[in-house]
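Listed below, chain by chain, are the residues.
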Amino acid sequence: MTSVQSDIFDDLEENKRKDFRQSHEPLAARLRPRTIDEFIGQDHILGPGSALRKDLEKGHCSSMIFWGPPGVGKTTLAEIFANAVSAKVERLSAVTSGVKEIRAAIEKAERHLANGFRTVLFVDEVHRFNKAQQDAFLPYIENGTIIFIGATTENPSFELNSAILSRARVYVLKALSRPDLERIIMRAALSPVGLLKDNIVFEEGALGAIADMSGGDGRRALNILELAAGMAGVNDQKQKIITLRLLGSIGSEKIARYDKKGDDYYDLISAFHKSVRGSSPQAALYWYARIVAGGGDPLYVARRLVAIASEDIGSADPQAMGVVLSAWDCYERVGRAEGERAIAEAAVYCAIAPKSNAVYVAWNSVLDFVKNNPDYDVPIYLRNAPTKLMEKMGYHQGYRYAHDEPGAYAAGECFLPAEIRNMQWYVPSDRGYEQFVQKKMKYLHDRDVASPVKRYPQDFNGVYGQNSGSDGYNGGQNGR
């Protein structure tokens, strides 16, 4: 059998398998759209006049990545594009395929090309392929052997090689809206290849309930509908009535869309952090509840609160760190039920707490300064002198011991190298406890000015926040 005959035989066998499958396929598979006009949702990339829609109408197809949650049409769009350009479709799933399957798909694509057919190579869950497996596609994308379409639920920026991304356009698909889901459900209920023969009637509110239960996933919506139709009772008019009570028996709670390693996970954590930073206890509790209800680890939220306490609250409320650590400790001591509540209390506390990122800014600024400037010597008077030789060299001489000074403060002293003595990285805010820090720093500065003993007398002009020194000091704004 020649390669051409083999391909024809494969196509005939595939058609037979399709005919058999169609009578046994789940509802979602039977209702899969075949054309763009049947496709529901994703108007932001497929609406009239959009670039992607124009490509379809012109029969153009380039390599691309579809990124979005499950059940929003990634695979369906790949099939529609393949049909639009009259291309053969080769499918791979990164979950079950390896190098052997990749080679076989490429060989078929090369045969298709030799016979005058283009090939769309659709790779589902493409993010699961490692770097070497992803690199295997590159030569064939470049020489036109394949039109590469990948589908992923993960952020391509993190999961796909830059070489793949540079050769493919990325389209973001969104979770389906409630109206879109209701249209999908009704189409299934009225379609001859769907559930038309079941003569389905929805109790008031039941259609919307299925949409809400599906969490933006069209496939899940159709699975729920199919299950409900199979369980529904038949009335005198031979109608199957789908009721809210029936849907409640299928699943009284909607399944939270949450993947511990997926983008939903990071989106929820991001929303939580921003809500606490934005001083919204209501939003902080909501996003925390979403994380917990979706199977997330409350201690991850506790760890994020520790970061918030140092990054966003800082010295505006030094107690915030202790509150968060106590909540963490409570979770580990008494268990999940009470522990979740303790973390919720800490989240509310942090949301309400005054905010200051002055320490966060100062720390990043001084790190950057140290990395990009010389390592200045420790002033000799600040060095220890554990040996006689070091004493003779002047180590420690002139150091003023703070506890021997009035108020335990050596007014006029300097603890930075001379070259950078006027640098100030930490500038307290006027919020929370930092108001008192600000007053204390002004008080100490005033004492420096008034002190008859000064390490560098020329550096003090008597005005807090300004300085006559010329070593990079700018009123406490360095590093901002």
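Cut-offs applied
- Residues numbered from 1 in each chain as written.
- Predicted model: local features only at pLDDT ≥ 70, side-chain atom pairs only at ≥ 80, totals over all residues.
- Heavy atoms only, no water.
- Helix = DSSP H or I, 4+ residues; strand = E, 2+ residues; numbered from the N terminus.
- Buried < 20%, exposed > 50% of the residue type's maximum accessible area, 1.4 Å probe, protein only.
- Contact = heavy atoms within 4.5 Å.
- Areas by Shrake-Rupley, 256 points an atom, 1.4 Å probe, with all protein chains shown as cover.
- Axes fitted to C-alpha atoms, helices over the stretch in contact; angles between N-to-C directions.
- Parallel < 35°, antiparallel > 145°, perpendicular 65-115°, else oblique.
- Left-handed = near helix turned anticlockwise from the far one by under 90°.
- Nonpolar A, V, L, I, M, F, W, Y, C, P; charged D, E, K, R; others polar.
- Expected span 1.5 Å × (residues − 1).
- Pairing = 2+ DSSP bridges.
- Salt bridge = Lys/Arg side-chain N within 4 Å of Asp/Glu carboxyl O.
- Core = buried A, V, L, I, M, F, W, Y, C linked by side-chain atoms within 4.5 Å.
- Phe/Tyr/Trp six-rings, centres within 6.5 Å; stacked < 30°, edge-to-face > 60°.
- pLDDT = per-residue confidence, 0-100.

**Student:** If you had to explain the overall build of the protein to someone new, which residues and values would you point to?
**Tutor:** Per the secondary structure count, the protein includes 22 helices and 7 strands. Here the protein holds 480 residues, and the buried ones make up 42% of them. Intrachain contacts of the protein at a sequence separation of at least 6 include 70% that bridge at least 24 residues. Carbon together with sulfur atoms contributes 54% to the accessible area of the protein, which is approximately 25900 Å² in total.

**Student:** Residue-level account of unusual backbone geometry, with values.
**Tutor:** A positive phi angle is found at Asn 199, which is not glycine, with a value near 50°. The topology assignment puts Asn 199 in the loop between α11 (178-190) and β6 (200-202). Residue classification places Asn 199 among the partly exposed positions, given a relative accessible area of 35%. The residue His 396 is not glycine, and still its phi comes out positive at about 75°. Relative to the assigned elements, His 396 resides in the loop between α21 (388-392) and α22 (434-450).

**Student:** I'd like a rundown of the packing of helix α12 (residues 206-214) against helix α13 (residues 218-231), residues and numbers included.
**Tutor:** α13 packs onto α12 with a crossing angle of 130° between their chain directions and a minimal axis gap of 8 Å. With respect to α13, the axis of α12 lies oblique. As for the relative orientation of α12 and α13, their crossing is right-handed in sense. Residues Ile 210, Met 213 and Ser 214 of α12 form the contact with α13, whose own contacting residues are Arg 220, Ala 221, Ile 224 and Leu 225. Residues belonging to the contact of α12 with α13 are distributed by class as follows: 5 nonpolar, 1 polar and 1 charged.

**Student:** Requested: an account of helix α19 (residues 336-352), with residues and values cited.
**Tutor:** The terminal C-alpha atoms of α19 lie 24 Å apart, and with 17 residues this matches the ideal 24 Å at 1.5 Å per residue to within 8%. The complete set of buried residues in α19 reads Gly 339, Ala 342, Ile 343, Ala 344, Ala 346, Ala 347, Cys 350 and Ala 351.

**Student:** Tell me what's going on with the sheet that holds strand β4 (residues 147-152), and back it up with residues and numbers.
**Tutor:** Overall, parallel pairing links the 5 strands, which are arranged β2-β3-β4-β1-β5 in an open sheet. Across the chains shown, the open sheet's two edge strands, defined by having one partner strand only, are β2 (88-93) and β5 (169-172). Taken over all neighbouring pairs, the strand axes of this sheet differ in orientation by 20° on average, direction set aside. Note that β2 and strand β3 (residues 119-124) share 6 bridges and pair parallel. Across the sheet, residue Leu 92 finds its bridge partner in β3, namely Val 123. Of the strands in this sheet, β1 (64-67), β2, β3 and β4 are in contact with helix α5 (residues 74-84), which crosses β1 at around 150°. Strands in contact with helix α6 (residues 99-114) are β2 and β3; relative to β2, the strand with the most contacts, it is inclined by about 175°.

**Student:** Now, about the pattern of salt bridges: what can you tell me, with residues and values included?
**Tutor:** Enumeration over the complete set of coordinates arrives at 20 salt bridges. The residue Lys 197 makes a salt bridge to Asp 198 at a minimum N-O spacing of 3.6 Å. Salt bridges here are not isolated pairs; linked through shared partners, they connect Asp 37, Arg 53 and Glu 57.

**Student:** Give me the packing of helix α17 (residues 298-313) against helix α18 (residues 319-334): which residues, what numbers.
**Tutor:** Where α17 meets α18, the axes come as close as 9 Å, and the angle between the chain directions of the two elements is 170°. One finds that α17 runs roughly antiparallel with respect to α18. Across the interface between the two elements, Pro 298, Leu 299, Ala 302, Arg 303, Leu 305, Val 306, Ala 309, Ser 310 and Ile 313 of α17 pack against Ala 320, Met 321, Val 324, Leu 325, Trp 328, Tyr 331 and Glu 332 of α18. Along the lines of polarity and charge, the residues of the contact of α17 with α18 split into 13 nonpolar, 1 polar and 2 charged.

**Student:** Would you mind going over α5 in detail, with residue names and values included?
**Tutor:** Here α5 lies mainly inside the structure; 8 of its 11 residues are buried. Among the residues of α5, those classed as buried are Lys 74, Thr 76, Leu 77, Ala 78, Glu 79, Ile 80, Phe 81 and Ala 82. If you follow the buried residues of α5, they end up packed against α3 (43-46), α4 (51-58), β1, β2, β3 and β4. In the stretch just after α5, Ser 86 is the one whose phi turns positive, near 50°.

**Student:** Break down the nonpolar core for me, with residues and values.
**Tutor:** In terms of nonpolar packing, the biggest core is built from 53 residues, with Phe 66, Ile 149, Phe 202, Leu 225, Ile 242 and Leu 247 touching the most fellow members. Residues within four places of Leu 225 in sequence aside, it is in contact with Leu 27, Ile 185, Ala 188, Ala 189, Leu 195, Ile 200, Phe 202, Ile 210 and Ile 242. Judged by nonpolar contacts, the second largest core, of 27 residues, contains Val 324, Ala 342, Ala 347 and Ala 351.

**Student:** Could you give me a rundown of the packing of aromatic side chains, with the residues and numbers involved?
**Tutor:** Under the criterion given, the structure shown has 7 aromatic pairs. Between Phe 66 and Tyr 171, the ring centres sit 6.2 Å apart and the planes meet at 45°, which makes this aromatic pair tilted. Taken together, the positions of Phe 66 in strand β1 and Tyr 171 in strand β5 put the pair 105 residues apart, joining distant regions of the chain. When its relative accessible area of 0% is taken as the criterion, Phe 66 is described as buried.

**Student:** Mind laying out the environment of Ala 342, listing which residues take part and the relevant values?
**Tutor:** Of note, Ala 342 is situated in helix α19. For the pair Ala 342 and Ala 302, spaced 40 residues apart in sequence, the C-alpha to C-alpha distance is 9.7 Å. Not counting residues up to four positions away in its chain, the partners in contact with Ala 342 are Ala 327 and Cys 330.

**Student:** Could you give me a rundown of the environment of Ala 302, with the residues and numbers involved?
**Tutor:** Here Ala 302 shows up in helix α17. On a C-alpha basis, the gap between Ala 302 and Ala 346 in space is 8.3 Å, while along the polypeptide they are 44 residues apart. Those residues in contact with Ala 302 that lie beyond four places of it in its chain are Val 324, Trp 328 and Ile 343.

**Student:** Let's hear about the confidence of the model for the protein: which residues, and what values?
**Tutor:** Confidence in the prediction of the protein, expressed as mean pLDDT, is 85, and 88% of residues score 70 or more. Confidence, read as mean pLDDT per element, is least for helix α1 (residues 3-22) in the protein (46) and greatest for α11 (95). Of the regions scoring below 50 in pLDDT, residues 1-5 engages in 4 contacts with residues more than four places distant in sequence or in other chains.

**Student:** So what about the side chain of Thr 76? Which residues, and what values?
**Tutor:** Note that Thr 76 resides in helix α5. Classification of Thr 76 by relative accessible area gives buried; the value is 8%. Beyond its immediate sequence surroundings of up to four residues, Thr 76 is in contact with Arg 32, Pro 33 and Phe 39.

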